[in-house]
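Breakdown of the fold
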Amino acid sequence: MTPKGRVFSGARPTGRQHLGNYLGAIQNYVALQDEYECIYCIVDLHALTTLESTEDLRQNSVEMALDWLAAGIRPEETIMFIQSQVPEVTELHTILSMVTPLGKLTDLPTFKEKVRQQPHNVNYGLVGYPVLMTADIVLYKANLVPVGVDQAPHLEFAREVVRSFNYRFKTNVLIEPEMISTEYPKVIGIDGVQKMSKSLNNHIELAATPAETRQKVMQMVTDPQRKRRSDPGRPEVCNVFSFHKVFSTPQQVQEIDRECRIAGIGCVDCKKILVENLNRHLEPFRHRRAELSRDPQFVLDVLQNGKERAALIARQTMAEVRDAVGLP
Ligand code: SF4
């Protein structure tokens, strides 16, 4: 089958992935491979803008790659690599920064949010982050980027930078990427309030053991109004129920919905059903991950091969970019 286009997506090396990463991105990464030529990048340079320590950076990249592979990324088709290993991206970043007005960058809500989050470390990299992100996409001549609605402004920004570059240098070397609109579900953590995240320690790792998964699920916050077993519950506000909708059968979902409302089922039993379904769902992933982990060289070879294939595209693009700009 001829791919419908080339997809690029990047994710920061956050180490072992959790259910939020899986439902929010990895699952989609796997599915996109059926129709598109895919390039998935572990964006370690982006991570430097906020990391206080880089001690675990390499290991986190490897762990994340392992999870991607175990989840179904097919390295024989898909290019999977680490951003910093193809340094052409930093050169393109520099060139693109010359056609990017500073005011546009400092006006971006994401930049303002970062300034609020880390006022002690408002580094230059934070301002240039969207330019580096643009360089990531266009360096590999990707014409498609899977993004959720909340990230759409970033892609629009990338498109503007590409237009500015092509206009300024009277070329069409760079491709304006389009968005593959993806409704990424917002996965709430076990605290029932905030988005699932490692830094908030409200996550469930994909590679957790069945017992660890059980422990986490049993800690999950449910409907706060349901204080006693005899109180009727409200599945629509319960995070456990959101997970049932993904991992349980339609019949179970219907039953829980009905029984919860009349206090026919208690939260402990409801969670036990979820544990069982979740563990069953994750079993093939865990099995594959354990297999892959037995040969630590395998993932390194995959990343090396991805780097080489990505570098071929990057060198070609940079030759065209330099030529268009008039650099020697
Ligand atoms: Fe949530 Fe299930 Fe408890 Fe209802 S029974 S409040 S859906 S955990």
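Parameters at a glance
- Residues numbered from 1 in each chain as written.
- Predicted model: local features only at pLDDT ≥ 70, side-chain atom pairs only at ≥ 80, totals over all residues.
- Heavy atoms only, no water.
- Near = heavy atom within 4 Å.
- Helix = DSSP H or I, 4+ residues; strand = E, 2+ residues; numbered from the N terminus.
- Domains from an automatic or database assignment.
- Contact = heavy atoms within 4.5 Å.
- Buried area = accessible area lost by both parts, 1.4 Å probe.
- Core = buried A, V, L, I, M, F, W, Y, C linked by side-chain atoms within 4.5 Å.
- Buried < 20%, exposed > 50% of the residue type's maximum accessible area, 1.4 Å probe, protein only.
- Expected span 1.5 Å × (residues − 1).

Let's shift gears to the site of the ligand. Neighbouring the ligand are the residues T222, D223, R226, C238, V240, F241, C260, C267 and C270. At the level of elements, α10 (239–247) and α12 (267–293) are the ones that each hand at least two residues to the shell around the ligand.

Our focus in this paragraph is the domain arrangement of the protein chain. Assigned domains of the protein chain: these are domain 1 (6–187 + 296–325) and domain 2 (210–290). Here domain 1 and domain 2 have C-alpha centroids that lie 35 Å from each other. With eleven residues of domain 1 at the contact, the number on the domain 2 side is eight residues. In total, about 860 Å² of surface goes out of reach between domain 1 and domain 2, with carbon and sulfur atoms giving 68% of it.

One finds V7, L19, Y40, W68, M80 and F243 to be the most contacted residues of the largest nonpolar core, which totals 51 residues. Among the secondary structure elements, those contributing two or more residues to this core are α1 (19–32), β2 (37–42), α3 (57–71), β3 (79–82), α10, α11 (250–261), α12 and α13 (296–325). The two domains that each donate at least three residues to this core are domain 1 (6–187 + 296–325) and domain 2 (210–290). Not counting chain neighbours up to four residues away, the residues in contact with M80 comprise Y40, A65, W68, L69, I73, V302, L303, G306 and K307. Residues C41, L105, V131 and L174 belong to the second largest nonpolar core, which totals 41 residues.

Turning our eyes to something else, we now look at α1. For α1, with 14 residues, the first-to-last C-alpha span of 19 Å sits near the 20 Å given by 1.5 Å per residue. Most of α1 sits out of view: eleven of its 14 residues are buried. Taken together, the buried positions of α1 are occupied by L19, G20, N21, Y22, L23, G24, I26, N28, Y29, V30 and L32.

Further remarks concern α3. Spanning 15 residues, α3 covers 21 Å between terminal C-alpha atoms, matching the ideal 21 Å at 1.5 Å per step. Counting buried positions over the 15 residues of α3 gives eleven, a clear majority of the element. Taken together, the buried positions of α3 are occupied by L57, S61, V62, E63, M64, A65, L66, D67, W68, L69 and A70.

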